[in-house]
Amino acid sequence: MIRYNRHIILSEIGLEGQNKLSKAKVLVIGAGGLGCPVLQYLAAAGIGTLGVIDFDKVELSNLQRQVLFGSSSIGENKALAAKKRLEDLNSDIEIKAYPETLTYQNALELFRQYDIIVDGSDNFETRYLVNDTCVITNKPLVFGAIYKFEGQVSVFNYKNGPSYRCLFPHPPKKDAVPNCSEIGVLGVLPGIIGSMQANEVIKVILGIGNVLSGKLLCYNTLSNGTSTIKINRNDTVINDVLNIQSTFKDRSLNINCETNEITSIYDLANKENMQFIDVREVHEQPKIEDTNVLSIPLSVLQNNLEQLKNDTKKYFFCQSGARSKRAVDFLREQNIRNCYSIQESVVEIKNYLEEQHKEKTDVR
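What comes next concerns the included structure. On a predicted model such as this, the values are computed, not experimentally measured, just so you know. (Residues numbered from 1 in each chain as written. Predicted model: local features only at pLDDT ≥ 70, side-chain atom pairs only at ≥ 80, totals over all residues. Heavy atoms only, no water.)

### As for the packing of helix α2 (residues 14-23) against helix α9 (residues 189-206)
Working step 1: Following both chains from N to C, one finds α2 and α9 inclined at 110°, their axes separated by 9 Å at the closest point. Taken together, α2 and α9 sit at an angle that is classed as roughly perpendicular. The two elements α2 and α9 meet at a crossing, and its hand is right-handed. Between α2 and α9, the residues in contact are G17, K20 and L21 and I202, I205 and L206, respectively.
Working step 2: Taken together, the residues that form the contact of α2 with α9 break down as four nonpolar, one polar and one charged. (Axes fitted to C-alpha atoms, helices over the stretch in contact; angles between N-to-C directions. Helix = DSSP H or I, 4+ residues; strand = E, 2+ residues; numbered from the N terminus. Parallel < 35°, antiparallel > 145°, perpendicular 65-115°, else oblique. Left-handed = near helix turned anticlockwise from the far one by under 90°. Contact = heavy atoms within 4.5 Å. Nonpolar A, V, L, I, M, F, W, Y, C, P; charged D, E, K, R; others polar.)

### Considering the pattern of salt bridges
Side-chain pairs of opposite charge can arise where the charged atoms are in close proximity.
Working step 1: Taken as a whole and judged by the stated rule, the model has 13 salt bridges.
Working step 2: D92 is paired through a salt bridge with R3; the nearest N and O atoms lie 3.4 Å apart. Taken together, the residues span a long stretch of sequence, with D92 in the loop between α4 (78-89) and β3 (94-98) and R3 in the segment before α1 (5-8) at a distance of 89 residues.
Working step 3: A relative accessible area of 57% places D92 in the exposed class.
Working step 4: With its nearest N and O atoms 3.6 Å apart, the salt bridge here joins R85 to D88. (Salt bridge = Lys/Arg side-chain N within 4 Å of Asp/Glu carboxyl O. Buried < 20%, exposed > 50% of the residue type's maximum accessible area, 1.4 Å probe, protein only.)

### So, a nonpolar patch on the surface
Working step 1: Together, F149, L186, V188 and L222 give the surface a local cluster of nonpolar side chains, amounting to about 360 Å² of exposed area.
Working step 2: Relative to the helices and strands, F149 resides in the loop between β5 (141-147) and β6 (150-156).
Working step 3: The class of F149 is partly exposed, set by a relative accessible area of 31%. (Patch = residues over 30% accessible without salt bridge, like charges linked within 9 Å, V, L, I, M, F, W, Y side chains within 5 Å. Areas by Shrake-Rupley, 256 points an atom, 1.4 Å probe, with all protein chains shown as cover.)

Right, here's the structure in full:
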């Protein structure tokens, strides 16, 4: 326990508290600006099981604030690159990496495996998905957000406290709030806010201090000013979330895709000269059992290009459209043409393929 000596000699933690940390299971959504400091400090603190989910790859522009990575990480999946670095930081804990998109189809099962969820996402669609999943699975949610020079921290769904929707009942209109890539962000800001999030996680696990439940802490890097906004629990919006449990997995995540190579499955022509490629990970649901569908997870696409047919139009799909877009962008860089990302959710695609199969069967 030499590694944790500075924790153990604190009377508020001690050996008993360190054992609590070693038994805790924490899932971090996103290994970006916020996720990097959260992951580093929780790993260093000795959190027993630390999960991280992120479908994105490390880019050069990330290194200005995502200090978990280095130049050697560029091009790697963030979750996998984070796992590699964190295992070097602390080999005594278990690091679980999920190189995929968080969706309505995989969130419930994933969240149930952890005690606390930390939101380090950078878009509102994912924030509402994370909140709603935490409400349904009854998991505390440690929230963080950044904007230019300002940041926010809170703890939602903790001991019957308010949820994220109690503060913001509905998402803003699409593109109403620009992200970091559009408006910029001070590099040290996510480090500050992410460290605050890690601090709240440790307080929740140990049961010490005043947890930021029912309070939104706002911090300004330029003035060093802080303010706290009180948040009241709204039973109506929480019950609304609980009432969607039965249809939760049928929902889709609407992530904005910028590529021109996007199409609707209902607009497809020449149905005999096409190839469908599922770029989800093999464990994701729902499964699509169709002889025309080829399963090549995005994480291994680069090593399986020989499976793509040169003389066909190739239609890629995933849970939400984000990974299929990345697949098309990657293949275009490899000068592989006739590749398209399907904009519908995997549930709609599954239904479409089943209908096509039924039509062919009826004809026969």
